[in-house]
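Coordinate analysis (summary)
In case you want the letters, here they are:
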Amino acid sequence: MIASLIETCELVGVEPHSYLTDVSTRIVEGPSTASSRRPAAMALPATPALF
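Residues numbered from 1 in each chain as written. Predicted model: local features only at pLDDT ≥ 70, side-chain atom pairs only at ≥ 80, totals over all residues. Heavy atoms only, no water.

Our focus in this paragraph is helix H2 (residues 16-29). Every α-helix winds through 3.6 residues per turn, so residues three or four apart in the chain are directed the same way. Taking 1.5 Å per residue as the helical rise, H2 with its 14 residues ought to reach 20 Å, and the 20 Å between its terminal C-alpha atoms agrees with that figure. Of all the positions in H2, only Pro 16, Asp 22 and Arg 26 are classed as buried. On an axial view of H2, the arc spanned by its buried residues comes to 135°, and they lie on one face. Turned more than 90 degrees away from the buried face of H2, the exposed residues are His 17 and Val 28. Among the residues of H2, the N-terminal cap falls to Glu 15, whose side-chain oxygen and the backbone nitrogen of His 17 are separated by 3.2 Å. (Helix = DSSP H or I, 4+ residues; strand = E, 2+ residues; numbered from the N terminus. Expected span 1.5 Å × (residues − 1). Buried < 20%, exposed > 50% of the residue type's maximum accessible area, 1.4 Å probe, protein only. Arc of directions from axis to C-beta. Polar contact = N/O pair within 3.5 Å; in protein donor to acceptor, adjacent residues only side chain to side chain.)

Here it is in structure tokens:
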């Protein structure tokens, strides 16, 4: 499952480590604080191009 999340992040141009860190933090904090922030994928830096 984690490998699938990492591959999906890379396919859509999101840095996987930052995304997974952000998502796990939001899960721990709960919906009250997470709902006031930007969507996780929108706030993260893009993965550097490999080409």
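We are not done yet, so read on.
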